[in-house]
Amino acid sequence: MDRQMILSRRSVMGVRGLQGFVGSTCPHICTVVNFKELAEHHRSKHPGCTPTIVVDAMCCLRYWYTPESWICGGQWREYFSALRDFVKTFTAVGIRLIFFFDGTVEQDKRDEWVKRRLKNNREISRIFHYIKSHKEQPGRNMFFIPSGLAIFTRFALKSLGQETLCSLQEADYEVASYGLQNNCLGILGEDTDYLIYDTCPYFSISELCLDSLDTVMLCREKLCESLDISLADLPLLACLLGNDIIPEGMFESFRYKCLSSYTSVKENFDKKGNIILAVADHISKVLRLHQGEKKLEEMLPLGPNKALFYKGVASYLLPGQKSPWFFQKPKGLITLDKEVGSMSSAPESKQEVPMCTDPESKQGVPLCTDPDSKQGIPMCTDAESKQGVPMCTDPESKQGVPMWTNPESKQGVPVCTDPESKQGVPMCTDPESKQGVPMWTNPESKQGVPVCTDPESKQGVLVSTDPDSKQAVPVCIDPESKQGVPMCTHPEFKQGDPVCTHPESTQGDPVCTYPESKQGVPMCTYSESKQGVPMCTHTEFKQKSPLGADPEFKLEAPICTNPGINQEDLVNMEPEIKQQVTMVSDPEILKIARAHHVQAESYLVYNIMSSGEIECSNTLEDALDQALPSQAFVYRPVRQRVYSLLLGGGEDGASTCPTVKEWFVYSGNPLRHPDLVRPLQMNIPGGTPSLKLLWLNQDAGIQARRLDALLGCFDLSSSREELQAVENPFKALCCLLTYLFVQVDTLCLEDLHAFIAQALCLQGKPTVQLIDLQLDYIDARAVQLGSLLVRGLTTLVLVNSACGFPWRMSDFMPWNVFDGKLFHQKYLQSEKGCTVEALVEQNRSRLTKFHALKSVVCKACVRENRRIVSRQHWHSPQPGRWGRQGSGSHRTSSGYSRAGPGQHWRIQGPGNRQYEPDHWRRYSSSGWSN
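Residues numbered from 1 in each chain as written. Predicted model: local features only at pLDDT ≥ 70, side-chain atom pairs only at ≥ 80, totals over all residues. Heavy atoms only, no water.

## Considerations on the packing of helix 24 (residues 749-762) against helix 28 (residues 820-831)
Condition: Lines fitted to C-alpha atoms define the axes here, with helix axes fitted over just the stretch in contact, and angles between the N-to-C directions of these axes take values from 0 to 180 degrees. Secondary structure is summarised from DSSP: a helix means a run of H or I of at least four residues, a strand means a run of E of at least two, and numbering begins at the N terminus for each. Orientation labels follow simple angle bins: below 35 degrees gives roughly parallel, above 145 gives roughly antiparallel, 65 to 115 gives roughly perpendicular, and whatever is left gives oblique. Crossing handedness is read from the near helix: turned anticlockwise from the far helix by less than a right angle, it gives a left-handed crossing, and turned clockwise, a right-handed one. In what follows, residue pairs with any heavy atoms lying within 4.5 Å of each other are defined as contacts. Residues are grouped as follows: Ala, Val, Leu, Ile, Met, Phe, Trp, Tyr, Cys and Pro are nonpolar; Asp, Glu, Lys and Arg are charged; all remaining types, including Gly, are polar.
In the contact formed by helix 24 and helix 28, the axes pass within 8 Å of each other and the chain directions differ by 140°. Accordingly, the angle class assigned to the pair helix 24 and helix 28 is oblique. The handedness of the crossing between helix 24 and helix 28 comes out as right-handed. Of helix 28, the residues touching helix 24 (which contributes E750, D751, H753, A754, F755, A757, Q758, C761 and L762) are L822, F823, K826, Y827, S830 and E831. Split into classes, the residues belonging to the contact of helix 24 with helix 28 amount to eight nonpolar, three polar and four charged.

This is how it looks when you write it as structure tokens:
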């Protein structure tokens, strides 16, 4: 194996330029190893411990997809076989594999995610241009993984008996943490972030030879030796170079300043290599001189990016790890349980003050002597007077709390810090709970006002007395007037909503708190939905409008974070899943959704319920084809009904649940903001069941309710009996095909024949026969149809898991119902006018099943006023081409059109705007492109 070629390919993940640098400048850190030998050594060193490799599955998808054909929608039988061989090879030598998949895209990495998706769009455009020009699949250099590969790989591995996990945060962090905490043999992946984490060894998947089990181990210790830095310096280096959190351009000028002062440049080093060496040299020669004495922002040009930079460095710190680059006070402090304390000079008095060490923060705390007990009491420094203030211990948090002396009683009163003024606030004792309650000082009356705790949010709420009812009423502080504003209780959610009083009408408007800025925002209520929508005040016109609404175009505009809100430095912190406000309040239901998510048994359900934000990556879709709509729009009505089921809480789901943020890739979407998608009311016989009924109830007959919910999501409840009569695994396929043909009028009878014929023929074909299948040519429309169906199968995974699994997941796994090349072959045959007998390869049993399945789909479509006709019946200069700029007739559930002629099928286009329900019900072929 040529080490000079190792990792020479451009890195797509991790630290900018590091992978190329390792391959060209530091090849000695790459060592060829053998997994079988490593496993034997591990067993001898740790008897009774099974050698375990943690696999970053997202990095391995390209390696695993070995089928020659990738353009037609996926060779799923071949792919499943390749996965089985991979697992068998490691199992044979006694190595246990644990697979991790990305379960979410963190907000800090959203920009990088968008950047990659837009780049993929350009790649897909080149792919379709090549197909139209050459009528063949492009070379492997233009390889693009089939749609849904990551989703279905999870289920394939689980069916092979492998432990498969889905992350709750960035997968690489969970992979590195698991590897460190479980004494794993190593990490298998392709991400230079694993060179930065201080964890178990990192092995390259791209260099793995499965036959011999040889691969390359990348040694972070040798990397540090080459750069003359320590392991603890690597997170700092990674952030200065740029990674998925820190944009590459953020410190570009700083890096070139390092380069200009770097003197040990060698001729054979490339520019990127020089930069990495120069930054490492700056760390070791300049920054290290002041390590622990100065904060990073005093040594580096962090500017307004300080908080993000600290977060970037902290993101590499695994549980229990700390960074020496986070500013800490000088050492020499003794813990409280020791009798001897160190001394420190008070800056004002210049006198020696005894000190103890806070066991939580590990920092020194001055002591003063209590005149009564004669014992030492910890002190803190008052920010205003610069004098020592005694502290008492909070029994709840076990942390020190400053004390304030009541001038009348001369007794110490605990003090909490007001986050706004940074000043101490006295606390009073609640007579009922006997606990300390913070007091707020009214700036007008100078009197203390007690604070009560909101039972829902567990946060403090100020209290005032209503002059009419004489009862205590919660208040919040108006950020502009700094005065208390009464709060009303929302009748639906039983939570307090602040009331903003109009100066003219003197009527109160509810106020919501914007989660990012933590500030109250007045709300207006839409008369149709009865939902509160945040309002913002235009800085020039002082008029209130719904938050996120562009006043000129009436479209959703980006919501900006208040620039005045200070973000604290992330010092001495470890990355963790922060307490978040979820979209669903039921902890039992949320726990079940979380468990299914972590065990990789569901798809998108927990993301919808926890954050209300989901994403879908690129699909092989022709941006220039004006006939077929994007899968993002075709399946959106299904997702809208799922949102109603998951977030609505029962019968009146759609009218009460919030919008969901969708980051879906489709042509024309710049992905600057998510699409805000409203839920769609479901039409289920007997009403919409609750999640507790669907997920927890095991009574007889509940499975039928689950199926009702699933069919309701596709709006196919009227076809229940016909679909139930279909045998597995074709039941789910017929449901999906019915939905597709009702939604998209540009699909014709020949398309239906191809879909059904390939599914039937697939059942009797061995994998080797599918491998040998040769196509006459590649058709661009067939490529998009294949991807459209596979995205429908992923949508079935979402719906099935949301409804409590009424169907077996195996029934809509693609290796059981779809093969890309086989579909392409049937499509080309159907386009040529081949008979049905030819499509099913002259098999009488298949022919009978073919007509039965076709009948189910056609009858269900007729029930929805959709008659599937042959392409030969279309009289048009461009057969089968419905223009996206043509008539976009979108049916509602009742079958009536709501969009007039000439309306674009995207309706409102891409961006941060709210979509009304069911705008994408039906794509009509009544209009044609010119």
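## Brief notes about the confidence of the model for the protein
Our working rule: Known as pLDDT, the predictor's confidence for each residue is given on a scale from 0 to 100.
Considering every residue of the protein, the mean pLDDT works out to 75; 63% of them sit at 70 or more. Low pLDDT, under 50, characterises residues 1-11; the stretch is placed with 29 contacts to residues that sit more than four places away or in other chains. Taken as a whole, residues 916-930 scores under 50 in pLDDT and shows 79 contacts with residues more than four places along the chain or in a different chain.

## Let's talk about the packing of aromatic side chains
For any pair of aromatic rings, the description consists of the separation of the ring centres together with the inter-plane angle of the planes. Formally: Between 30 and 60 degrees the pair is tilted, below 30 it is stacked and above 60 it is edge-to-face, where a pair is any two Phe, Tyr or Trp rings, Trp via its six-membered ring, whose centres lie within 6.5 Å. Working definition: with a 1.4 Å probe on protein chains only, accessible area under 20% of the residue-type maximum means buried, over 50% means exposed, and in between means partly exposed.
Counted by the stated rule, this structure contains 25 aromatic pairs. Aromatic pair F86 and F90: ring centres 5.0 Å apart, planes at 50°, arrangement tilted. Separated by four residues within a single helix, F86 and F90 lie in helix 4 (residues 76-92), roughly one turn from each other. With respect to burial, F86 and F90 carry one shared label: buried. Ring geometry for Y635 and Y739: centres 6.0 Å apart, planes at 20°, overall stacked.

## Details of helix 15 (residues 587-598)
Let me state the cut-off plainly: Each residue after the first adds 1.5 Å to the expected span of a helix. Definition of a polar contact: a pair of N or O atoms within 3.5 Å, with one able to donate and the other able to accept a hydrogen when the atoms are protein atoms, and with sequence-neighbouring residues admitted only if both atoms are side-chain atoms.
Compared with the 16 Å implied by 1.5 Å per residue over 12 residues, the 16 Å span of helix 15 between its first and last C-alpha is a close match. Those residues of helix 15 that fall on the buried side of the exposure criterion are I589, L590, I592, A593, H597 and V598. Buried-residue contacts for helix 15 involve strand 4 (163-166), helix 16 (605-610) and helix 20 (691-696). N-cap assignment for helix 15: the residue whose side-chain oxygen lies 3.0 Å from the backbone N of E588 is D586. Immediately beyond the C-terminal end of helix 15, within one or two residues, lies A600, with a positive phi of roughly 60°.

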